[in-house]
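# Results of the structural survey
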Amino acid sequence: MVEFETFNLLLNAKKKDFIKKICHESMKDDYTDETLEAVATMLDCSAQETKNLLASLNSFISKIAQNDMTGSEEINALFPEDFHKNLASLLTKIIVELLPFWRQQTTENQVSLPKLSSFSWSVSTQQDTNTPLCFLNLNVKGKSGTESVNAHLSKESLESLLSGLKQIKTQINQLTS
């Protein structure tokens, strides 16, 4: 929940860069004791007031990001009418500037499964047994980049794979119809 009253603590900051740093700190997952102490010192307030401020800033900025707001007017309109105009303007400017970075951070920190980016295959005969094999190469894009996964499939294992894929396709079709 956004408690705009806590934002007034930012008026105690001696420099605008302090406010930018505090906004940046508010978007971290966890606040260390050192962070809380540093912010409390910058703003000459208690640790509890600092926690409340960081939590409110985090909620406010997250709301902006989730609603895909990018314009200064949109963001500025979220502040109450009686809110300090210069502080609202400064916070809006900082948020507009740092929002792309925060969105990228959020995306990079999300847990997601690898995605198939491409595949290729070929069929050839194993020389020593004269058995046909399917050579399957999957290019999978994950968090650490693109990896290549290779598989050698006999006729039986290929049939088993295709049967499983047909069952998956049937289930997906049932869900979408």
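The following paragraphs examine the structure supplied in this document.

Reading the values: the criteria
- Residues numbered from 1 in each chain as written.
- Predicted model: local features only at pLDDT ≥ 70, side-chain atom pairs only at ≥ 80, totals over all residues.
- Heavy atoms only, no water.
- 1 Å grid on protein atoms, 1.4 Å probe; cavity = no way out; pocket = protein on both sides within 12 Å on 5 of 7 lines; lining within 4 Å.
- Points joined across faces, edges and corners; volume = space filled by probe spheres on them.
- Helix = DSSP H or I, 4+ residues; strand = E, 2+ residues; numbered from the N terminus.
- Nonpolar A, V, L, I, M, F, W, Y, C, P; charged D, E, K, R; others polar.
- Buried < 20%, exposed > 50% of the residue type's maximum accessible area, 1.4 Å probe, protein only.
- Arc of directions from axis to C-beta.
- Pairing = 2+ DSSP bridges.
- Axes fitted to C-alpha atoms, helices over the stretch in contact; angles between N-to-C directions.
- Contact = heavy atoms within 4.5 Å.

## Considering the layout of surface pockets
- Taken as a whole, the largest pocket spans an internal volume of roughly 400 Å³.
- Going through the elements one at a time, α4 (47–66) and α6 (85–109) are the ones with two or more residues in the lining of the largest pocket.
- Of all the elements, α6 adds the most residues to the lining of the largest pocket, at 6 residues.
- Residue composition of the lining of the largest pocket, by class: 4 nonpolar, 7 polar and 3 charged.

## Overview of helix α2 (residues 16–26)
- Inspection of α2 places I19, I22, C23, E25 and S26 among the buried residues, and these make up the whole buried set. Summarising the axial view, the buried residues of α2 lie within an arc of 160 degrees, below the 170-degree limit, and thus occupy one face.

## Observations concerning the sheet that holds strand β2 (residues 131–142)
- Here we have 3 strands laid out as an open sheet, ordered β1-β2-β3, and antiparallel in their pairing. Looking along the sheet, the strands with just one partner apiece sit at the ends: β1 (115–126) and β3 (145–153). Adjacent strand axes in the sheet meet at a mean angle of 15 degrees, parallel and antiparallel pairs treated alike.
- Sheet analysis places β1 next to β2, joined by 11 bridges and oriented antiparallel. Bridge pairing in β2 links L116 to V140.
- Strands β2 and β3 of the sheet are contacted by helix α7 (residues 155–176), whose axis makes an angle of about 125 degrees with β3.

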